[in-house]
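Residues per chain are reported as follows:
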Amino acid sequence: MDDSGIELQGPNPTSPALSSAFSSDISSGDEQDDVERPNQASGADDDDDANQAADAKDNDDDGDDDTERVQAKVIIGENVNLSRKYEGYLTIDNDEIVSREDKIDALISLLKLPHIYTLSADTQFEILQEKYPWIDDEDGEIDQFQLEEIQEVVQNMTAVEQRQMYDTTSVYDEDNAEEKEKHVLQPVQLKSMRRYRKMLNNDKQYVCDACGVVLEYKKDKKKHTLKKSKAWRGYRCAQSEKEYIFHNRLCVKLRKAKEFIRDEVYHFEVDKDPLAYVARMQIDFMRDEQLDGEFRPLQFYTTFDESQKSKVKWTRNIRKYYRECVNTDLRGFDIDEGDRFEQIPVAIKYLDMREFAIPMFHFLMRSVQIKDFPLFWQLIKFFTSYINTPKLIRLLKEYSPVVFGLHDDTHTGDSSANNELIDFLTVLCEGALYPIATCLYISAYLEENGEAYWNDEETEVLSRHFRNMASSIIDEIESEHLVAIILETPTNIFPDAEDDADGAKGLSVMDIALEYEMLKFLQNQKIMKLATSLWYERKIIHPHKVLGTELAFADLFKRLWNQPAKFYFSPSGLNIIRLGLFCTHLILFSYVTMKLRYNLVNVANSNAENLLWLFNIAAIIYEFYRCVLGVGPRNYFSIFYNVFEFVKALLWVLLFVLKFVYPVDCTTLTTSGFVRSDFTDNFGGAVDALEDALLDDNDAAAAADSNMMFFSSTQADASLDCADVELRNSNQVDRAAAGADSNMLFFSSTQADASLDCADVELRNSNQVESYMILWSVQCILFWLTPLFYLQRTETTGPLLHIIGLMTRDMMNFLLLAGIFWIGVSFAIFYVVNEDLKAYESEEGDSELTGPSSLGDLSSCIFYGFLMILGQQDWDSISNTSELIGLERSLLLDFYSALTAVVGTVLLLNLLIAMLSTTFADVSEVSALQVNYIRVTQSYAAARDISLIPPPLNYFAFMLMAVWFIVDLLVTVCTARTKMLNDWYFTPLNRTVFSAGDFVEYRDYDDDDADGGGSGGGGEKTAVSSGFVQHQRNNEWAQIQIANKIKHVHKDDILSIHKSILTDRLSDADANGLCASITTSGRYYCKYCRYLFHGDQVGNMEQISDLFSLYGEILDEDDIGKLSNMLGERRSAGKRRKKKKMAAAAATATTTVDEEENDRADVVRDYNRNLRTQGVAQLCPQCYRPFYCSEDHSDEVRRLQYLGEVCSFWVFMIILWVPLLLAFMIPAIFSRILQIATGKKNLGGQDNQEQKDSVKLARKIKMSQSNDDYRQKVVKTFEDVRPATDYVNNVTSNMGKIHKKIRETREEDEDDNLVTQVQEQIDNKKLEFTPMQAREQMAELNRAYRVTMNKLNIILSRIKKGKKGKHKQGSKLA
């Protein structure tokens, strides 16, 4: 089956006999119009005859006759004439050349022309001299050697273009050169082709013979032509008269490349086994086969087509193409394996992969489905190395059945061929811009989809291989702080739902690891340290930050006292606040539950219940706010805890509706306040008589109390006998001796309500009350399960909770088995018993059976069967039943009961215990990893969450926000939308943070150096100065310009940063109206540290490197380079340098360049690492953590969210700060005592000297990482203790390499031969001691020698061509 889902018909060419039949049936998509096929090989079956008959029928339907055919007109010298015509367009004028790179571009552009590369080397050089006179300059930037190198590269570039195309659908001996030459394809005029006329006359549809994509066209009846066919190219085989049509010259080149690969694969297989029959690759397409558009090369870069003349600037694309060609041999080079692509033809390697990589990938995948061939893995790996990662991942998903099906899982690691899949996926990861994320994504994809192709062991081996690759890359990065940035940087790997959508944020390394639960990867020490630090800090990228430090209660109390804002906005601090408020909510909820309050309309709510509902409504608002306006629905529901809390909020909504909107009306109140309900109905007229009697009583106190009910005990006794027994036994009823009558019962109306509410069973069994009970009981379970989420992080209870979760799977399997047996036994008992054990009541109301309840219905039998499985059945229910159901049925019932007890209690329950024990033993280690996974998840999820104060204090936060918006609205209206309240004037965060444009006052030092100041200065204090911050050198040093002098001031020396209450409104671009402009105002904040992005400024790697160097720590240049490349800084740096260089050269040039030509110096995208650039990952200039910069600011905090956090903090300070200090005080004291007792702290609360020394030592090691002298000492120390066997093995290995090099001959590898290299080094040393005049003479002699040798080679080549020509003429005459 091909890639488009069309099943490939026809026999499989596994033999010579079937090969001819197979080739004849695949006629490149056309019916050949009554052209007589070549003689078919014997052995063709009936299917071939049927196919020929169908072809004959199609040809008859076409209506073309042999006598009416018009011979297609052949075009002679098409490519040469075309290149001559457009030479000026395809080459670079001498006036445009301003640099050495331009000269190389000019030479390649000219040498690539067909009418140039067909000439001899001398003629080419003469043309170059005429067009570019600088080629002869002795001091020129391009010498003769470089020119020869360029000529060789161009020769390889044009190797595919120079190749002839052949008819591959006809059957002939392709190994015979003369026979094959007869089937060469010649370019013909399109309108003279039969296919063209058929499309014009009969609406026939064909596919391109290179890519297989349908040729789309529209008819122009007036001109009798086909629209959209201007770029089509037509070819015809004179021998077989078969025609081929291609979309454009790009498809023609694709066809030539496919034929090149087809021949190379065939010869490779023949050389491997000369005696075996080898069928050639199928590059033609089935009749009516239409492939996907990606099979066709669409984008033009260096392949010229006149139809694209106004769209493509070919001279701009030459430079990158040349660089890729020069580096193509290094792309597959491996130190251990050598060249991994050595079997691939050079002509294929020098294709422009921007044009052909993806189509060739599709072609190879389609070909290997038809027939496997040895060069498949090398070819597919080569083209894979040129495709970008997002596209490669989509291709991998599309062709995973093909690629995974070629991997054998029965011989894991036994053969090199079995590792081809690993090598292929490794090439995918090696060429990725984000290798760590790519490795993890491939590992996750293999783990999810590999089980459909391999066994579990092989799937785990493959998945673990790429997971370990990701861990190895992280371990190679020295700085933990750089690892922190890399792990959070958005990549070009997108979620499956979006899949490379425009403006979508890519997944980071941590997103992939957390989404696919890669527990062992998250066990990496650097990741665990980072997660621990993120739980307590938001700013972690700093030389003084030691990652992995956990804070004790004493440390948290110290932070709460000294830095309440840092405590509140840290994940740990907010989690403590949330836990404290939840405990208050839980206690209140439990108290109200114990009071048994239901949704009754006339039962007054207590103060505790009213307070509980205030908590509940606050919880509902809190969860909906976080979901909609906070982190967003997608991020919110990605965490199970949020889903759990959202369900609780929905339950509170339903309970609120049942309680306050649709309550149950249980009573009716009279004017005197007496309760009249079903209770009064039961009492008859007793209550009315009591009321009249009591109102006439002179007891004013009793009469005044309208909340009391009085009646005589005599009257009440008769009615109470008919009432509920529970009412009579209630402690609410009291016989009082006091009052007007000692035989009177009295109780308050409130007590009566409670008694009635508890006594009336029918009322509690109503549908509304039962619904309320069900929802409230579910809420009870959920509320008491919530503390488990806070215990997940602990190392003691966390693993146990995970084990319980895994054991539920075993419970489900057990319940399935037990449930089947249980239902069967229950039906058996019900069928045997029938209704004979049902208790019948006589007319007097006495039961005919004495003893326990009966088994007369199905429900009772099912419940009894469940008790029997658990071994808790009541044997009295089935004993002594022979009188009612007979002896035989009674014995059968006893047998079923005993069998159920044995199977259920002994077998199934013990099986459950064994299953749970096995699960506990298997998952105990995984559970520890799961705890670490939960800790990492919570730490990283906190970065996305907003710091809104939990309920019920969010009421006050929203009130404060309302006040803010009212004031802000007044300011906005009064200033005509030009001013607004300044967030940073009231914010508790970043109050001492400076940014460009801030006016600051700072301590000035008497330094001669302009970079002095603060802790980095060293001069004496002179005065307090002020100025505007011009630039942010890093997040600790501000660059301030005073007159012509630049000062660098440390943040500790900044005395004040002037912030006004009002500030300018930044933007209203995304505001729809006045209220919307208040909530947005174009202000966006960092999602980590809440830094306001002033003036589109962002951080960069240069600032990080500068910050660490100021503290004596030097970051590894390779690591900085990798991270800079991920952030787009290094990629853009080269473009900016090129622009500056070309601009400087253009400024000094004497010639003028018009606007179109000057456009050539522009880059596609001007990425400035100091300013916001959409579509890339960038760094916050304050905390240096990455975020995705997009037009909708989806990865940033908006002003409405930030104001909610600011208001929440001030509510925390006003209401909760002091109580939290008091609650923390005692645990903090015990924590400090424990630290002192264990030696972690001294009495002053400082770290012990031993710990300080270890930190200093670690810092010294970091500082000395780039110290060459220190490294040499370390190397020498290790060399001193190195075993002697290591020296022997090293010498033996080196001697083997030397012998191997010596055995190489100059003819095999002249450049890499050891003798050649040594001779070159000797010659270079000789030249160093040779006088300059002698060197010039030697250079002149070498130049003359090369020119002479070139002429001799040309003469020899002409002689050889003349001999071949005479030989051909002789053979033709013969």
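Nothing here was measured: the structure is a model prediction, and the numbers come from that model.

A. Representation of the packing of aromatic side chains. Here the structure, examined in full by the defined rule, presents 57 aromatic pairs. Their ring planes at 90 degrees and their centres at 5.0 Å tell us that Y636 and F637 sit as a pair that is edge-to-face. Since its relative accessible area comes to 0%, Y636 is described here as buried. When its relative accessible area of 38% is taken as the criterion, F637 is described as partly exposed. Ring centres of F640 and F789 lie 5.8 Å apart, and the angle between their planes is 35 degrees; on these two criteria the pair is classed as tilted. Note that F640 is positioned in helix α31 (residues 640-661) and F789 in helix α40 (residues 787-791), a separation of 149 residues in sequence. Under the relative-accessibility criterion, F640 is labelled exposed at 58%. Directly above the ring of Y266 sits R280, whose terminal nitrogen or CZ lies 3.7 Å from the centroid. Lying over the aromatic face of Y89, K309 brings its terminal NZ or CZ to 5.7 Å of the ring centre.

B. Here's a closer look at empty space enclosed by the protein. In the structure shown here, the tally under the stated rule is 12 cavities of 30 Å³ or more. What the largest cavity holds in volume is close to 410 Å³. For the lining of the largest cavity, the secondary-structure elements that each account for two or more residues are α3 (78-85), α6 (114-117), β4 (233-237), α12 (249-272) and α13 (314-326). Across the lining of the largest cavity, the residue classes break down as 10 nonpolar, 6 polar and 7 charged.

C. Spotlight on a nonpolar patch on the surface. Taken together, the side chains of V1218, L1222, M1225, I1226, I1229, F1230 and I1233 define a hydrophobic patch exposed on the protein surface, amounting to about 710 Å² of accessible area. One can find M1225 in helix α52 (residues 1199-1238).

D. Structural view of unusual backbone geometry. Here the bond from P951 into P952 is cis, since omega is 5 degrees, no more than 30 degrees from zero. Residue position: P952 is located in the loop between α44 (887-944) and α45 (954-974). For E241, which is not a glycine, the phi torsion comes out positive at approximately 60 degrees. Counting through the fold element by element, E241 comes out in the loop between β4 and β5 (243-246). On the basis of relative accessible area, E241 is assigned to the partly exposed category, the value being 29%. The phi dihedral of Y1184 is positive, around 60 degrees, even though this residue is not glycine. Examined against the element boundaries, Y1184 turns out to sit in the loop between β20 (1176-1179) and β21 (1186-1189).

E. A look at the environment of F830. Inspection of the secondary structure puts F830 in helix α41 (residues 797-833). A relative accessible area of 29% places F830 in the partly exposed class. Each C-alpha atom of the pair F830 and C861 lies 5.9 Å from the other, and the pair is 31 residues apart in sequence.

F. Fine view of the state of the cysteines. What the rule picks out here adds up to 0 disulfides. Considering cysteine sulfurs only, C208 is the nearest to C211, which forms no disulfide, with 3.7 Å between them. Under the relative-accessibility criterion, C211 is labelled buried at 1%.

G. Local environment of the sheet that holds β4. Read from one edge to the other, the open sheet built from 3 strands follows the order β1-β4-β5, with strand pairing classed as antiparallel. Across the chains shown, the open sheet's two edge strands, defined by having one partner strand only, are β1 (185-188) and β5. Neighbour-to-neighbour, the strand axes of the sheet open up by a mean angle of 30 degrees, direction not taken into account. Of the strand pairs in this sheet, β4 and β5 are connected by 4 bridges, and their pairing is antiparallel. Among the inter-strand pairings, Y235 is bridged to a residue of β5, identified as Y244.

H. Molecular detail of the environment of V903. On the secondary structure map, V903 appears in helix α44. For V903, a relative accessible area of 19% translates into the label buried. Setting aside its immediate chain neighbours within four residues, V903 contacts F821 and L908.

I. Highlighting the pairing of strand β16 (residues 1045-1050). Alignment of strand β15 (residues 1037-1042) against β16, held across 6 bridges, turns out to be antiparallel. Within the sheet, the bridge partner assigned to Q1041 lies in β16 and is I1046. What sits between β15 and β16 in their antiparallel hairpin is a turn of 2 residues, with A1043 showing a positive phi close to 60 degrees.

J. Representation of a negative patch on the surface within the structure. Together, E447, E448, E451, D456 and E515 give the surface a local cluster of negative charge. One can find E447 in helix α20 (residues 435-449). Given a relative accessible area of 37%, E447 falls into the partly exposed group.

Reading the values: the criteria
- Residues numbered from 1 in each chain as written.
- Predicted model: local features only at pLDDT ≥ 70, side-chain atom pairs only at ≥ 80, totals over all residues.
- Heavy atoms only, no water.
- Phe/Tyr/Trp six-rings, centres within 6.5 Å; stacked < 30°, edge-to-face > 60°.
- Buried < 20%, exposed > 50% of the residue type's maximum accessible area, 1.4 Å probe, protein only.
- Helix = DSSP H or I, 4+ residues; strand = E, 2+ residues; numbered from the N terminus.
- Lys NZ or Arg CZ within 6 Å of the ring centre and 35° of its normal.
- 1 Å grid on protein atoms, 1.4 Å probe; cavity = no way out; pocket = protein on both sides within 12 Å on 5 of 7 lines; lining within 4 Å.
- Points joined across faces, edges and corners; volume = space filled by probe spheres on them.
- Nonpolar A, V, L, I, M, F, W, Y, C, P; charged D, E, K, R; others polar.
- Patch = residues over 30% accessible without salt bridge, like charges linked within 9 Å, V, L, I, M, F, W, Y side chains within 5 Å.
- Areas by Shrake-Rupley, 256 points an atom, 1.4 Å probe, with all protein chains shown as cover.
- Salt bridge = Lys/Arg side-chain N within 4 Å of Asp/Glu carboxyl O.
- Disulfide = S-S within 2.5 Å.
- Pairing = 2+ DSSP bridges.
- Axes fitted to C-alpha atoms, helices over the stretch in contact; angles between N-to-C directions.
- Contact = heavy atoms within 4.5 Å.
- Lys, Arg positive; Asp, Glu negative; His and termini not counted.
- Charge placed at Lys NZ, Arg CZ, Asp CG, Glu CD.

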